[in-house]
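Listed below, chain by chain, are the residues.
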Amino acid sequence: MALVTRVTDLIGRTPLFELAVTDTGTRLLLKLEQFNPTGAAKIRMARSMVLDAERRGLLRDGGHIIESTSGNTGLGLAVVAAERGYRFTAVVDNHACKDKLRAMRAMGTDLVFVADDGDGELATSAREDLAEAMAAARDDAFFTEQHNNNANAVGYYAVAEELLDEVERVDILLSAVGTGGSLFGTATRLRELGKPARVIGVEPVGSIAFGGPGGPYWQSGTGTPPGATIGTAVDYSLLDEGVKVGDVDAFATARAVARTHGLLLGGSAGGSVHNALARLEEFPAGSTVVTIVCDGGEKYLDTVFDDDWMSARDLLDPAAECEVTTLLRRYSPLRHHDELMEVR
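Residues numbered from 1 in each chain as written. Predicted model: local features only at pLDDT ≥ 70, side-chain atom pairs only at ≥ 80, totals over all residues. Heavy atoms only, no water.

An unreviewed UniProt entry lists the protein chain under the name PLP-dependent cysteine synthase family protein, from Nocardia halotolerans. Per UniProt, the comment on the protein chain under Cofactor (unreviewed entry) is "pyridoxal 5'-phosphate". (UniProt positions renumbered as here; feature names shortened; annotations may be inferred.)

Shown next as structure tokens:
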């Protein structure tokens, strides 16, 4: 490993993990973005947005970055701000994972809450309105506005390049959609490189980006809640299919993967993996299916992986976990490898 002098030099080159394979050779690969600094993909776009603002003269030396965040974008911006000498204010709500808030504060971030302590409602629209107003009131401030910042998607172009360094092609790119940057940025670059993929976006039941009624949901850092504006990073021209996965199935999948593989995935990644596993045999034989795991499960030990928290919200479903476990065992690459060795 190369010697580096900045934490952001450690961004990228994250592992590709084969989670499942069918008898017809279709594979489900996970791009494990939790191996980035801050344990999440969003540090890629945080760096991209700040560098772009500097190039355009929108962020001056010693300036003030302001963003509305549910956690992972804020963590990435906290790192970039610390490295480059900026002040950073994160506008947050209590729906955010507590460990993300603690980590941002540890790196010198000023946290501004839009909801009272104990109010756990997702407040995306209120957060963004306040962040925009705060930035407008300060001459030295820049609102990165991740949902409507073109540099967001550009920050994920390297994901496509890294994938093609490891596999000949990506037939199906199936991932969670929050801001849309990771899925559509990766898809854009794959197309530019002459390797277009079928693009399937996944959002929580209750999110409104792909239509249908809005409502509350517990998956963190993903989806577009009712009342929020769908950002420009959601590129419908690249979208072949938009699907929804409920909290119970998403969290059951994350928990099942942890218990069968010792791999901790975040809840939104659980939603993508659930959809991929459920339809893996429907895809053409020999397909390479990739899911971008935007963060790991270590930040959700007090929520997704806590039985009491899950039970209190009527999210704990052992039967759903059992169903996912059955699929994971059926499609285990190790099982297929062992069977191949027996034939030989």
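**Section: the packing of aromatic side chains**
Under the defined criterion, the tally for this structure stands at one aromatic pair. Taking 5.3 Å as the distance between ring centres and 80° as the angle between the ring planes, the aromatic pair formed by Trp218 and Trp309 counts as edge-to-face. Taken as a pair, Trp218 in the loop between strand S8 (198–204) and strand S9 (241–245) and Trp309 in helix H10 (residues 307–312) lie far apart in primary sequence, 91 residues in all. One Lys or Arg, Arg313, reaches over the ring of Trp218 and ends 5.0 Å from the middle of that ring. Of note, Arg330 hangs over the ring of Tyr331, and the distance from its end group to the ring centre comes to 5.7 Å. (Phe/Tyr/Trp six-rings, centres within 6.5 Å; stacked < 30°, edge-to-face > 60°. Helix = DSSP H or I, 4+ residues; strand = E, 2+ residues; numbered from the N terminus. Lys NZ or Arg CZ within 6 Å of the ring centre and 35° of its normal.)

**Observations concerning a nonpolar patch on the surface**
Taken together, the side chains of Val4, Val7 and Leu10 make up a nonpolar region of the molecular surface, amounting to roughly 200 Å² of accessible area. On the secondary structure map, Val7 appears in the segment before strand S1 (16–21). On the basis of relative accessibility, which here comes to 41%, the residue Val7 falls in the partly exposed class. (Patch = residues over 30% accessible without salt bridge, like charges linked within 9 Å, V, L, I, M, F, W, Y side chains within 5 Å. Areas by Shrake-Rupley, 256 points an atom, 1.4 Å probe, with all protein chains shown as cover. Salt bridge = Lys/Arg side-chain N within 4 Å of Asp/Glu carboxyl O. Buried < 20%, exposed > 50% of the residue type's maximum accessible area, 1.4 Å probe, protein only.)

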